[in-house]
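# Per-entry structural report
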Amino acid sequence: VDVFQAWCGPCKPVVNLFQKIRNEVGSDLLHFAVAEVDSIDALEKYRGQCEPVFLFYTGGELVATVRGADAPLLQKTILKQL
């Protein structure tokens, strides 16, 4: 989940990375979503930050977090979690 604030916007360049990896591993294993923190109370702790936060869930459990649009770290984290 790409967690962002409306004034900062989602990290669009990273969407391409997710699509590339999703094409490589198959759409059944990787799902990508964006969430605007000002409209979701459960994400309140991420408000006021000027960097995107990527939350990785497996079976409804938060298993990893990456702060910032670090493409190599995101790719490493995705592949590790898969």
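Let me sum up the structure you'll find in this document. (Residues numbered from 1 in each chain as written. Predicted model: local features only at pLDDT ≥ 70, side-chain atom pairs only at ≥ 80, totals over all residues. Heavy atoms only, no water.)

### Re the environment of Leu73
Tracing the sequence through the fold places Leu73 in helix α2 (residues 71-81). Under the relative-accessibility criterion, Leu73 is labelled partly exposed at 37%. For the pair Leu73 and Arg47, spaced 26 residues apart in sequence, the C-alpha separation works out to 22 Å. (Helix = DSSP H or I, 4+ residues; strand = E, 2+ residues; numbered from the N terminus. Buried < 20%, exposed > 50% of the residue type's maximum accessible area, 1.4 Å probe, protein only.)

### Description of α2
Along α2, the residues that are buried comprise Leu74, Thr77 and Ile78. Seen end-on, α2 carries its buried residues on one side only, within an arc spanning 100°. Among the exposed residues of α2, those pointing more than 90 degrees away from its buried face are Pro72, Lys76 and Lys80. (Arc of directions from axis to C-beta.)

### Section: the pattern of salt bridges
Any two side chains of opposite charge can pair, so long as their charged atoms come close to each other. The final tally for this structure, using the stated rule, is three salt bridges. Where Glu24 meets Lys20, a salt bridge forms, and the shortest distance between an N and an O atom there is 3.4 Å. One end of the pair is Glu24 and the other is Lys20, both in helix α1 (residues 12-25) and four residues apart, which spans about a single turn. When its relative accessible area of 52% is taken as the criterion, Glu24 is described as exposed. Asp38 is the salt-bridge partner of Arg47, the closest N and O atoms lying 3.8 Å from each other. (Salt bridge = Lys/Arg side-chain N within 4 Å of Asp/Glu carboxyl O.)

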